[in-house]
Structure formats: C-alpha cells, structure tokens
Amino acid sequence: MLTDELKKGSAEFLILSLLDAEPRHGYELQKLIEARSKGVITFHVASLYPLLYRMEDRGWIVGRWVEKTGERRRRFYRLTPAGRAALEAQRDSWREFVAAINSISGVRYA
Amino acid sequence: MRDDRVVPDWRAEVRARLAGARLHPQDEAELVEEMAQHLDEQFIDLAASIGAQPAYDRLRQELREHGVDEAITRRRKRARPTAGRAWASGSLWRDVRYGLRSLRRSPGVLAAGTAALGLGIGLTTMMFSVLYGTIIKGLPFADPSRIAYVSYNDPQHGIMDGGAPLGDFQRFAARQRSFESFGGLFRGLATISGGDRPDRISIARMTAGVFDVLAVHPMLGRTFVTRDNEPDAPPTAILAFSVWRDRYAADSGVIGKSVRVNGKSYSIIGVMGEKFEFPDEAKIWLPLQLNASLAPGEGPSLNVVGRLRPGADFESANAEFRGLMQQLDAERAKPSTERPVVLPYIRATLPKRVYTLLYSMLGAVMLVLLVACANVTNLLLDRTLARSREIGIRTALGATRLAVVRQSLVESAILAGLAALLGTALAYVGIGWFNGAFPGRERRFWMDIRLDPGVLLFVVGLAALATIVSGLLPAIQSAKLDVSSILKDESQSASSLRVGRMSRLIVGVELALSSALLVGAGFITKSVVWLRSVDPRFTTESVYTARITASPTDSAKERVFFESVERNLTSLPGIDGAYLGNDLPGSWGGGDRFAVEGRTYASNRDYGRTRTLAVTPGFFTTFGVRVLRGRGIAGGDRIGATAVAVVNEEFVRQNFAGADPIGHRVRLGGADSKREWVTIVGVIPTTYATSLDDMFPPLVLTALWQQPRLSTVSIALRGPAEFASAPALRKVVAAIDPEVPVYATSTMTEELAQATWSLRLFGNLFVVFGLVSLVLATIGLYAVMAFSARRRVRELGIRMALGASRRDVLALVSWQGARQIAIGMTVGVLLGATFVRLIRALLFGVQPTDPSVFALVFGVLGASAFVACVIPALRATRVDPVLALRSE
C-alpha cells in the first residue's frame, strides 16, 4: 500500500500522463487511475478536484466545458505546453529515480 | 434516500456543501456543475456494486471532507461583488441608463405608472400645499410659533373663543409675565373719505403692543407708542401700503398729513410695508384708547395677542392667566363664568371644522397616493415576471441579489422621478384652481397657498417614499427568483401565484376605495348641480347690488339721505326696479324670533322663527315678486302710519295653517322684545334663501321706512349694465353726498353663488378625488389582468388548440376580472353608502339612498373596469395556439 505522501507526489504525474493521450473529465481520470493501479491508488471528489484545480492554477492543464450530442455538459481537461514540459521533466526524474533505486536495490524488471 | 430507486440530487448536495463559501455565483455554478456531474456518474457505478444507500452514504461522506474546501479556495476566481461596489456611482449610472432604456421599451408601463403615481403625488401635494399655507407655515412674522391668542371660553353660556373686555385686558397687560409683548385690538368697518372717492374699509384699533407682538416695522414713519393709546392723545393713524399707494399716490411725504375716517381727521404717523396684513384685510390702524377707570368685565371686547417670553410656553401661560382671572374675580361682585385660554394664534382663530376638514382631505388624498403606489407595485410586479429570464441571466452572469434589487429600485426611482415632475405640474394647476375658487373674503391674512420650497421638498419625499413602497416588493420578488429554475424553464407558476394573489388583493382594495369615493363624489356632485339649478323664485338676472353707509349724523338726516337715494335711483332712465333694504333677499342673515298676537308662549324657546327683511316698495319690481293676496309694502308705509308686514306662503303655512293671515298682527323678537306690533297686509310666494339647512324658509317683510334707525343699506338695481351697474350707482350716491362710500358691489347671481362656495369647492375636490381613484383603479385592474393573461398564454394556447373558440377564452379570462370587480365594487358601494350617511348635512336635493347615483357609479366604474379587463383578454385570444405552445 502506498503511503499518502507517495500518493500525493505521484498523483500529479499520473494525471499528467493520463491527459497526455487525450483530454479527459474528472470522473474518467478517477476511474482510469483506480483501474490502472488495480485499486492501489484511489481518488474521490474531495481529493481529486483540489489537485486538478491546483494544476490548472499552475498552468499545466486547462479545463473546458464541452457538450457532446446526447451527453451532459462535462469539463474536459487537457495538457498545456507547460503541462507537457512538466510531464517530460517528471518522466525524466522518475526514470533517474527508478534507475537509482534499481542500482541500489537490485530489483529488476523483466 | 432510503429508496434504492431514487437518484440523489447531487446538485443540491454540492450546493449545500458550498453554501458557507460565498463564492461568486458563476464560480459556484461551475463548481456545482462539475462535482455534481462527477458524483452522479460515480453514484450510478457505485450503487450497482454496493447498493444505493451505502453508495450514497459513502459519497456524501467524501463530499464532507476537507479537500472540497481546498477546491473551493482554488475556484475562487472572482471576488464576490460587495454591497459597497454594487452601490458605487459608476455602476449606478449604468443602472440608470439601463433602466431608462428598458422603460422606453415598455411605454405602457411607463405611461400608466407615471400617470398613476403622478396623479397621487399631484393631489397629495396640492392638499398639502393648502394645509401648509393655512396651518403649518404659520403667521408671516418673525418666530411665529411664539405668537399667542388669548380668548375667553364660556362653557356655561356656550360661547367659545370670545374676546376679553378692555377692563380685563388692561389688568392682564399690567400683571402678566408670560409674554414679552402683549396687545389688544378690535376690528370694524369704517368710511374713509377725502381723495377721489369715499370707501368702506376694514380698520383695526390697536394698542401699541400689537406691533411689538408681531415684531414688524413700518415702511415709513413709526408705529404706535404707549402715548398714542392714552385717552387724550392726538388722533393718529397708520396706513396700509395699498391705501398709501392708491389714495396718496405713494407720496413719501405722507407722514403728518391727515386721513378722514368716519368723518374724523387723523394724523398719519406711519405706512406699513406691502406684505403686512393684520388682522384680516385691515387697511388703516388707529390707536385703541385705554380707559383706566374701567372695572373688570367692562369695555369693548378685544382680540388679545401676545409673544411668549423665552422660557415660557403655552401651558405655563395658560396657568398664569387662570391665576390672573381669579384675581380679577376677586375684584368683582360675582365671579365670571368665562375662562381665559391661551393658544397658538392660528389654532385659536381658524374654525375647528376647517382644521378637521383640511386634515381629513389630506388623509383622503394620502389614501389615493397609497392606491397609486399599489398600482405601480402591480405594474412593476407584472414587469418583473415578464423579465424573470433576463433577471436569471443577470444573476448567472454574476449579478448579486442586491444588484438585482437595486436595478429594480432604480427603475421605480426613474418612474417616481417622472411622476414627481408630473405631480408638481398637476399640483401647480390644482393650487391655481383652488386659489381661484377660494373666495377672497374667506381668506385669512396669513394664508398663502402655493408651491413653495417646503412643499416641493415634501414632493421629493413622497417620490422617495413612492419609490421604496412601489419598488421594494417587485425588487424583492425579482431577487427571490431562482436562477437555475428560470434558466431551465420559464414556468412561472409558484412565484407568480404568490404575486398574483397579492396583486389581486391590492386591486380589490383599490376598486372598493374608488367605488366609495365615487359614491361620495356622485352625491356631492348631484347636490352641487341641484343647488345650481335651484330656482330662487325671484329675479336675479341683471340685478346689480351694493351697500352704502350714511355719513354718521343724526337719524333724521340719515333718513333724508336714504330717501333721496331711493328717489334718484327710481328716476334713473332705463331702470326696471330700484330696491333699498336692510339686506338682500336670499342672504343668510336676518333671522329672528316672533310672536303672533293673541297666542301665548311659555318660554323664549317657544316663539316662532322666521327670516326678516325690511324693504322699500321697489322690492317687488326689482326682484319680480308678485303679491298673491292683499298688498305689498307701499310708499305710504312710513313712520307714523300703521306698521305693516308682508309674509310669504311658508310663513302662512307654518303659523296660520294656510288660513288668511291678513289683518293679524305679529311682533318680531322673542320674549323680551320691545318692538311694535306689525299688521300683516299681504302674502307673497316663498322665495329661496341661501341657508343650506332651510332653503325656502318663512319670511316677514317689513317697511324699510318704518325702521327706527338706518345707517347701512343694501341696494339693488335691475336693468341693463350701462344703467344699473356700480358706476351708475356711485354717480347717484355721490351727487347726494360725496362722502358716502358705495361698496360690496356685486350682482345678485354672485351673491347667491357665494353662499354655496364651500360646497362647490369641496364638492369639486371630491369629484376630482373620485375620478382620480377611478383612473387608478382602472390602471390597477388592467395591470392585474394583463399579468394573469400573460401567465396563462400557454394554457389558453392549449385550450384553443383543443378547440376552444376565441369567445370561450375571452369569457374565461374576463370571468376572473368580473368576479373581482363585483366583489370590490360591492364592498366599496357599501362603504360609500355609510360614508354618504355621515356627510348627509352636505347633501341638498338628494337623498342618501338615491338609486340613480348608485346606478351611475356602478355604471361608470363597471364600464371602465370592464374595459380594463377585456383588453388583456382580447389580447390573449389573439395568441396563435401554435406559437403559445412553443413559446415556453
């Protein structure tokens, strides 16, 4: 089980990664994170939205109300150029971090 | 949420969670939308796996967590508009421009609202101006509230506001401490001669103190000093500005010249300024001669005035004078039954019924104003509903409730401002009319009825009041409108029902009130019309009247003078009749008790009552009165001959049961009468007298030349204006005695009209009130009907689509209005009937139950109410059913 500290640090990275592929709305992000982490990382309204809004304030993502035929109005978030740069930077540091951990712990992935 | 099938309202849950955050409405709306949508979807997924209730509980629990607060902080993009900012001048100006634009788009509301409020403000301002100029503004002297009037009340003898005898006054003046200045005066008529023609004018004899009480200074010369009031002082006089201007050609060297008053010469010591008038209409002031030898209760009766000393008030002055009166009582054999009363000048000298009348009229117009405000409220309510979508959008775009309220108030302020302008104009016209209709001789010297700054301030105050009263309700209503429900769909059911009930109540009250006023107006109008058309049964056309007062000499010379006047008038060419008498027929005066010879009367109260008039033979020709039986007053009926009388048919009916009265003798006066018995020699028809309580009273004519004493005589001449009017009369009189004034020149028609001026004036006011309230009620009804028809457009569209004819729809819409009209009018007419009973004393020639008046009021009110109700109904039927259905 991940600690809250770890979860918080990784959460922004996870969201940025998920938005890299396509714009998504809040509940979709919550479901994807939960599914892909196999239930290890979970969010709910009180934890997801402060995060999203903080990232929006930081200028990494931007939300837009989009109305699709036959669906209700939803706020979709997509990456901004600044967000993309932040994602790249985080990927790099993750890679370095994982490499460092690997070299110390000797854990290897197939 | 105990039922699994029910989907929770996450929007409401989130909104409740955000309630304390006081976000800007748009920020709040976005946050609610996003989270609720999230929760909706998550609930559906979660409920499928763990059941609805646990899912609901869990999501609610999560929503309560602290993270939401952080989200709120992050989402606080815009500052919530604060009150201070909302009322800032820049945005206020924007509201004014916006309000003007939007009012211009609905000229109907603008016109009806301005008209309603303008009429209300106009009437109220007019009545307030009358009240202000008559009572509130006070005397036109320095610090007028300290000027007091001291009068005697004698409840035992039923005498109120009597004067104080000179003997008492002199003692008060020496002993009193309440007043810093104190004076007494009495008034009279006097003949002023010298100059181009003599005149009869009002004069006042005053003590020096009166001018100190009024704190006035003369324009030329000086006012009286104590020395002038001493019995042996040389005769002095002070002139009014008009006398100085007209008789002395505004001569600045007039001081020291003399003026002849009642044949006696007075030295002019001063001239007062143009505006000075005190008391009513006095044109010359003479010193009042004091007399130290008078005992308490002796001497002529004076009007007593005083100026309160600083520190003294009316209460302390009253206490002091009661004490002084006890001292006076100790000096006389028998204590007086009179009690001194110290009151503010105007309160003491203006009849109480005038006070009551003015204040009740003001009350009535305030009611009209209230109705007008109610009307504007109704109009604005209708407008608010019609604009609910606009208001919703404004709110969604960030307008706070306060801003919405303000917008609504600004609009009613614009309306009230326009109405205040209209009302001021109306009041101006109304005051002009009132002043014109108010007869000069009823006017008191301090009355100055006009639109002055105080009154204008009052108008502005009224406009502000009207704004708040008529704007607040719609404003609050518009703020209450729920944004999202308005934006989602336009059904105005709930809120408009609330509004509708209130509007309908207001209109019901309006209808009732205006029916009541109209009933009153109807009866008074009928009385006025009846009075105008009443046949006096004597000739009034081409009859010119005047009064003359002989120069004071002995009675024989006076008689010779009046006889020459009669002779010369009768021999004037082109004249149909010349009359001299102690009064004019139809005038109010000249009532007396009388006894019929041979009958016994137990007490004074049992004696008969009749009108009396002493006439010359010219009475019959001048006024075209026939003698029915016996003879009229003849030339030979003089002193020395048998004293005769001619009575009218009413007198015969009351005293002789229709039997022939000729030969019977009557004596005028009551139990203590010393007058001679007069023999009835003839009977004339009953003629009109302008007494409103008894218009065809009994009358006894006696011979003028058999009167023991003559000094002032009324004259009437019948003939074409060039021969009979005032100039011709003056010439005749001047040829006999150039010192004799010819005054009170008038026509017989005017003389009769004067008796009914108050009835006509207040009757006309009542008619105006009634008509204004009719207009208001019509506007109000129209507003409510338009409003309810607007609400039902969809319903009516469905009805018409399902086959209802236009007539069905018309009937449906009008029915509701008709019910309201019927209820309002019934209540109003009942009220009006009660009211008419109360004012029965003002009604002439009409019974308080006269069905024709009620029918007329029903007709007029019903017709206009019907129109007000059918127009919106007709408009409703013109709606295309398809459009109506699609419109919402």
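Thresholds applied
Residues numbered from 1 in each chain as written. Chains lettered and ligands numbered in written order. Predicted model: local features only at pLDDT ≥ 70, side-chain atom pairs only at ≥ 80, totals over all residues. Helix = DSSP H or I, 4+ residues; strand = E, 2+ residues; numbered from the N terminus. Buried ≥ 20, exposed ≤ 12 C-beta atoms within 10 Å, placed from the backbone. Contact = placed C-beta atoms within 7 Å. Axes fitted to C-alpha atoms, helices over the stretch in contact; angles between N-to-C directions. Parallel < 35°, antiparallel > 145°, perpendicular 65-115°, else oblique. Left-handed = near helix turned anticlockwise from the far one by under 90°. Nonpolar A, V, L, I, M, F, W, Y, C, P; charged D, E, K, R; others polar. Core = buried A, V, L, I, M, F, W, Y, C linked by C-beta atoms within 7 Å. Expected span 1.5 Å × (residues − 1). Arc of directions from axis to C-beta. pLDDT = per-residue confidence, 0-100. Pairing = 2+ DSSP bridges.

### Notes on the overall build of chain A
Phase 1: Scanning chain A for helices and strands turns up four helices and three strands.
Phase 2: The secondary structure elements of chain A, listed N-terminal to C-terminal, are α-β-α-α-β-β-α.
Phase 3: Taking all 110 residues of chain A together, the buried fraction comes to 25%.
Phase 4: In chain A, once contacts between residues fewer than 6 apart in sequence are set aside, the share between residues at least 24 apart is 46%.

### What about the overall build of chain B?
Phase 1: Each helix and strand counted, chain B has 29 helices and 23 strands in total.
Phase 2: When each of the 888 residues of chain B is scored for burial, the buried share is 40%.

### Looking at the packing of helix α27 (residues 806–838) of chain B against helix α28 (residues 851–877) of chain B
Residue and element names in this part refer to chain B.
Phase 1: At a minimum axis distance of 9 Å, the contact between α27 and α28 shows a crossing angle of 150°. Judged on the interaxial angle alone, α28 and α27 are roughly antiparallel. Classified by chirality, the crossing of α28 by α27 is right-handed. Residues Arg 806, Val 809, Leu 810, Val 813, Ser 814, Gly 817, Ala 818, Ile 821, Met 825 and Val 829 of α27 lie in contact with α28, whose contacting residues are Phe 854, Val 857, Phe 858, Leu 861, Gly 862, Ala 865, Cys 869, Val 870, Ala 873, Leu 874, Ala 876 and Thr 877.
Phase 2: Across the contact of α27 with α28, the residue classes tally to 17 nonpolar, four polar and one charged.

### Things to note about the nonpolar core
If you look at soluble globular proteins, the nonpolar side chains tend to sit buried side by side.
All names here are of chain B.
Phase 1: With 95 residues, the main nonpolar core has Leu 117, Ala 372, Phe 769 and Leu 781 as its most contacted residues.
Phase 2: It is helix α25 (residues 757–791) that contributes the most residues to this core, 16 residues altogether.
Phase 3: Contacts of Leu 781, omitting those with residues within four sequence positions, involve Val 507, Leu 511, Gly 817, Ala 865, Ala 868 and Cys 869.

### Some words on the interface of chain A and chain B
Interface size is commonly expressed as the accessible surface area that is lost when the partners come together.
Phase 1: Across the contact, 15 residues belong to chain A and 18 residues belong to chain B.
Phase 2: Residue assignment for the side of chain A that touches chain B shows that the elements contributing at least two residues are α2 (26–36), α3 (45–58) and β3 (74–79) of chain A.
Phase 3: At eight residues, the largest contribution of residues to the side of chain A that touches chain B is made by α3 of chain A.

### Side note on helix α11 (residues 314–331) of chain B
All names here are of chain B.
Phase 1: The terminal C-alpha atoms of α11, which comprises 18 residues, lie 26 Å apart, in line with the 26 Å expected from a rise of 1.5 Å per residue.
Phase 2: Turning to α11, its buried residues number three or more, namely Ala 317, Phe 321, Met 325 and Leu 328. Down the axis, α11 shows its buried residues gathered within 80° of arc, on one side only. Seen from the buried face of α11, the exposed residues on the opposite side, beyond 90 degrees, are Glu 315, Ala 319, Gly 323, Gln 326, Gln 327 and Ala 330.
Phase 3: Those residues of α11 that are buried lie in contact with β1 (147–154), α8 (166–175), β11 (301–308) and β12 (339–344).

### Let's talk about the confidence of the model for chain B
Residues and elements named next belong to chain B.
Phase 1: Scored by pLDDT, chain B has a mean of 83; 91% of the residues are at 70 or more.
Phase 2: Taken together, the stretch residues 489–497 has pLDDT below 50 and engages in twelve contacts with residues farther than four places along the chain or on a different chain.
Phase 3: Under the prediction, the complex receives an ipTM of 0.88, its pTM being 0.65.

### Quick notes on the environment of Met 126 of chain B
Residue and element names in this part refer to chain B.
Phase 1: Structurally, the position occupied by Met 126 is in helix α7 (residues 107–136).
Phase 2: Between the alpha carbons of Met 126 and Arg 450 there is a distance of 8.5 Å; along the sequence they are 324 residues apart.
Phase 3: Excluding residues that lie within four positions of it along the chain, Met 126 makes contacts with Ala 427, Gly 430, Ile 431 and Phe 434.

### Side note on unusual backbone geometry
Backbone geometry follows two general trends: most residues other than glycine have a negative phi, and most peptide bonds adopt the trans configuration.
Residues and elements named next belong to chain B.
Phase 1: With omega at -20°, the peptide bond leading from Phe 278 into Pro 279 counts as cis.
Phase 2: Residue Asp 143 is not a glycine yet carries a positive backbone phi of 45°.
Phase 3: Looking at where Asp 143 falls in the secondary structure, it is placed in the loop between α7 and β1.
Phase 4: Take Asp 143: there are 11 C-beta atoms within 10 Å of it, and that puts it in the exposed class.
Phase 5: A positive phi angle is found at Ala 250, which is not glycine, with a value near 50°.
Phase 6: Summarising the element assignment, Ala 250 is placed in the loop between α10 (241–247) and β8 (258–261).

### Here's the deal with the sheet that holds strand β1 (residues 24–25) of chain A
Phase 1: The antiparallel open sheet is built from three strands, whose spatial order is β1-β3-β2 (chain A). The sheet is open, and its two edges are formed by β1 and β2 (61–66) of chain A, each paired on a single side.

### Some words on the environment of Thr 236 of chain B
Phase 1: Structurally, Thr 236 of chain B is set in strand β7 (residues 236–239).
Phase 2: When near neighbours in sequence (up to four residues on either side) are disregarded, Thr 236 of chain B contacts Asp 228, Tyr 266, Ser 267, Ile 269 and Pro 287 of chain B.

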